[in-house]
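# Summary of structural features
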Amino acid sequence: MNCSSNTYREVLARITEALSKAGVPDASSDARILLEEDSGLDYSHLLMQMNEQLPEETAEKLHVHVAQRKKRIPLQQIIGYTEFMGLKFYVNEHVLCPRQDTEVLVEEALKKIKPGMKVLDLCTGSGCIAVSFAKLGFADVTATDISEDALAVARRNAQENGVDVHFFKGDLYNALPEQDRYDMIVSNPPYICTSVIDTLEPEVRDHEPRIALDGTADGLAFYRRIISDSGNYLKECGHLLFEIGYDQGTAVSELLRNNAYEDIQVIKDYSRNDRVVAARFTSQ
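In what follows, the accompanying structure is described. (Residues numbered from 1 in each chain as written. Predicted model: local features only at pLDDT ≥ 70, side-chain atom pairs only at ≥ 80, totals over all residues. Heavy atoms only, no water.)

## Regarding helix H7 (residues 128-136)
- Extensive coverage of H7 is indicated by the burial of 7 of its 9 residues.
- For H7, the full list of buried residues reads Cys-128, Ile-129, Ala-130, Val-131, Ser-132, Phe-133 and Ala-134.
- Directly after H7, the chain includes Phe-138, whose backbone phi takes a positive value near 55 degrees. (Buried < 20%, exposed > 50% of the residue type's maximum accessible area, 1.4 Å probe, protein only. Helix = DSSP H or I, 4+ residues; strand = E, 2+ residues; numbered from the N terminus.)

Next comes the structure, spelled out in structure tokens:
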């Protein structure tokens, strides 16, 4: 798409049309964000420039980025970051892009976190949950992931947000160098049924790591594993919180109920879908 010798207004219209024809959801919003990013202008300054000619340098950047978005590469991967809990997080193809729905998990956990609490984040990915706890809850946070590429992203996000998080590579609890007791365990684990993955939007299906999506045949494998071993890592009356799929509230609640958990709650997201299960551990 040739963006040279056009005003910002004309280019914005053409980008929107091109993305819409490519099937990109929210094409107009994505077009505006790409134009803001590549021009270095925020929205208010962009409005004032609408009738000005687009610089050649900006046109060249847009040509590349619009072509990537038409291929359904996630917008966050193209611009290299996203916002989560009011913080800025670097993302790439090795991690899931933090989603607004996951903020519900963080918000619910922050209601229970007190400064200095020991918190464990399993399947940390980009580190958005762990970093948010360290930044906003002033907690002592440990996080694990099986992917070294994901952990590299998480470490960068901790550094750029000015917090210390203890990161370890490995499979769930096996990543931990020693057994410890935590006030809270949280996880946004892979929970998509294997058969469903190929039906997802191309941004997710083709450009986000399958290892972070695939919850095996019924989507519940990681919940079973995390819950079954959690009693060895939670303090008495400690909290366990999960992000879940919209149809998994009953199943995950039952797993918790069968493993010495009480005060089980299913919390809805902003679209009124079940999104978080929270419970309290008791060894009694």
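## Brief notes about the pairing of strand S6 (residues 182-187)
- For S6, a buried count of 6 out of 6 residues is recorded, marking the element as mostly surrounded by other parts of the structure.
- In the sheet, S6 pairs with strand S7 (residues 234-243) via 5 bridges, with the strands oriented parallel. Across the sheet, residue Met-184 finds its bridge partner in S7, namely His-239. (Pairing = 2+ DSSP bridges.)

## Some words on helix H2 (residues 27-39)
- Look at H2: 18 Å from first C-alpha to last across 13 residues, which is about the 18 Å you get at 1.5 Å a residue.
- Along H2, the positions that sit buried rather than exposed are Ala-27, Asp-30, Ala-31, Leu-34, Leu-35, Glu-36, Asp-38 and Ser-39.
- Against helix H1 (8-21), helix H3 (43-48), helix H4 (56-70) and helix H5 (75-79) lie the buried residues of H2. (Expected span 1.5 Å × (residues − 1). Contact = heavy atoms within 4.5 Å.)

## A short note on the side chain of Glu-208
- When you line up the elements, Glu-208 lands in the loop between helix H9 (202-205) and helix H10 (221-230).
- If we skip the residues at most four places from it in the chain, Glu-208 touches Gln-77, Val-95, Leu-96, Cys-97, Arg-99, Glu-203 and Leu-213.

## Focus: unusual backbone geometry
- The backbone of Asp-26 shows a phi angle near 50 degrees, a positive value even though the residue is not glycine.
- Tracing the backbone through its elements, the reader meets Asp-26 in the loop between H1 and H2.
- Exposure remark for Asp-26: the relative accessible area of 60% places this residue in the exposed category.

## Description of the sheet that holds S7
- With respect to topology, 7 strands assemble into an open sheet ordered S5-S4-S3-S6-S7-S9-S8, the strand pairing being mixed. If you trace the sheet from one side to the other, it starts and ends with strand S5 (166-169) and strand S8 (261-268), each paired once. Sheet twist, expressed as the mean angle between neighbouring strand axes with direction ignored, is 15 degrees.
- Relative to S5, strand S4 (residues 140-145) is paired through 4 bridges, and the arrangement is parallel. When the sheet's bridge partners are listed, Thr-144 is paired in S5 with Phe-168.
- Strands in contact with H7 are strand S3 (118-122), S4 and S6; relative to S4, the strand with the most contacts, it is inclined by about 175 degrees.
- Against the sheet, H10 makes contact with S3, S6, S7 and S8, and its axis sits at roughly 170 degrees relative to S7, the strand it touches most. (Axes fitted to C-alpha atoms, helices over the stretch in contact; angles between N-to-C directions.)

## Describing the environment of Thr-82
- Here Thr-82 is to be found in strand S1 (residues 81-84).
- Using a relative accessible area of 11% as the deciding quantity, one classes Thr-82 as buried.
- Along the primary structure Thr-82 and Gly-249 are separated by 167 residues, whereas in three dimensions their C-alpha atoms are 28 Å apart.
- Aside from chain neighbours lying at most four places away, what touches Thr-82 is Gln-76, Leu-87, Lys-88, Phe-89, Val-91 and Pro-98.

## What to know about the pairing of S7
- Among the 10 residues that make up S7, 7 are buried, leaving the element largely enclosed by the rest of the structure.
- Relative to strand S9 (residues 274-281), S7 is paired through 5 bridges, and the arrangement is antiparallel. Bridge pairing in S9 places Glu-243 opposite Val-276.

## Section: the packing of H10 against helix H11 (residues 249-257)
- Between H10 and H11, the shortest axis-to-axis distance is 10 Å and the interhelical angle comes to 20 degrees. Between H10 and H11, the angle is such that the two are roughly parallel. Helix-helix and strand crossings are classified by hand; for H10 and H11 the assignment is right-handed. Contacts between H10 and H11 involve Tyr-223, Arg-224 and Ile-227 on the former and, on the latter, Val-252, Leu-255 and Leu-256.
- For the contact of H10 with H11, the class distribution of residues is 5 nonpolar, no polar and 1 charged. (Parallel < 35°, antiparallel > 145°, perpendicular 65-115°, else oblique. Left-handed = near helix turned anticlockwise from the far one by under 90°. Nonpolar A, V, L, I, M, F, W, Y, C, P; charged D, E, K, R; others polar.)

## Let's talk about the side chain of Gln-77
- Counting through the fold element by element, Gln-77 comes out in helix H5.
- Of the polar contacts made by the side chain of Gln-77, one reaches the backbone oxygen of His-207; its length is 2.9 Å.
- With near-sequence residues (within four places) excluded, Gln-77 lies in contact with Val-91, Asn-92, Glu-93, Cys-97, His-207 and Glu-208. (Polar contact = N/O pair within 3.5 Å; in protein donor to acceptor, adjacent residues only side chain to side chain.)

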